[in-house]
Amino acid sequence: MLTKTAARALAVLRISTGFVFLWAFLDKTFGLGYSTPEARAWINGGSPTKGFLSNLDVGPFQGFFNSLAGTTFANWAFMLGLLGIGLALILGIGLRIAAGAAALMMAMMWLAEWPLAQQTNGGEPTGSTNPLVDYHIVYGLSAIVVALTYAGHTWGLGKWWARLPLVQKNRWLI
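Overview of the structure. All of these numbers come straight from a predicted model, not from anything done at the bench.

Further remarks concern the packing of helix α5 (residues 95-113) against helix α6 (residues 135-148). A pair of packed helices is captured by two measures, namely the crossing angle of their axes and the spacing between those axes. At a minimum axis separation of 8 Å, α5 and α6 run at an interaxial angle of 170°. When the axes of α5 and α6 are compared, the pair comes out roughly antiparallel. Each of L95, R96, A99, A102, A103, M106, M109, W110 and E113 in α5 lies in contact with α6, whose residues at this interface are Y135, H136, I137, Y139, G140, A143, I144, V146 and A147. In the contact of α5 with α6, the residues fall into 14 nonpolar, two polar and two charged.

Okay, structure coming up:
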């Protein structure tokens, strides 16, 4: 059982985690100048995955992730994932699917960055600050926690969503 304060804290965690995903989508789509300059925005022909994935120089999966860089599949899967996860978390609906997708996306990004390594294949420092638990793990776990605690019911559309006939018949959609 949660107190009102705990439910509100979980709602803040849900909304702020959702905003991390939604902001990444918006910045990569429109080139807002934070991670993505306007010239490399998706709407201007840029690739949301090419810069990150093609510059990986570490870990046993480097070749696999390098091969995905800039592909249509990777770009669309990544961007739809960011948008879907972000909106679901902010709105408080479909949290189980969003949590699974967020955990998967963050696990793949963790594997791509391979924080276990202290040096790149070229001998440069990776900048990894923690080999096991970094922000990818924290974001994935945050999404799971808010889904398991029905955090969409506080300051979200979770209660309304859970009452929909489709969701009533398919509880995994909660």
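Now that the structure is up, let's keep going.
Let's shift gears to helix α4 (residues 72-91). The end-to-end C-alpha separation of α4 is 28 Å, in line with the 28 Å expected for 20 residues at 1.5 Å each. Every buried residue of α4 is accounted for by A74, N75, F78, M79, G81, L82, I85, G86, A88 and L89. Close packing links the buried residues of α4 with α1 (4-30), α3 (62-68), α5 and α6. Residue G92 follows α4 closely and has a positive phi angle near 80°.

Criteria and thresholds
- Residues numbered from 1 in each chain as written.
- Predicted model: local features only at pLDDT ≥ 70, side-chain atom pairs only at ≥ 80, totals over all residues.
- Heavy atoms only, no water.
- Axes fitted to C-alpha atoms, helices over the stretch in contact; angles between N-to-C directions.
- Helix = DSSP H or I, 4+ residues; strand = E, 2+ residues; numbered from the N terminus.
- Parallel < 35°, antiparallel > 145°, perpendicular 65-115°, else oblique.
- Contact = heavy atoms within 4.5 Å.
- Nonpolar A, V, L, I, M, F, W, Y, C, P; charged D, E, K, R; others polar.
- Expected span 1.5 Å × (residues − 1).
- Buried < 20%, exposed > 50% of the residue type's maximum accessible area, 1.4 Å probe, protein only.

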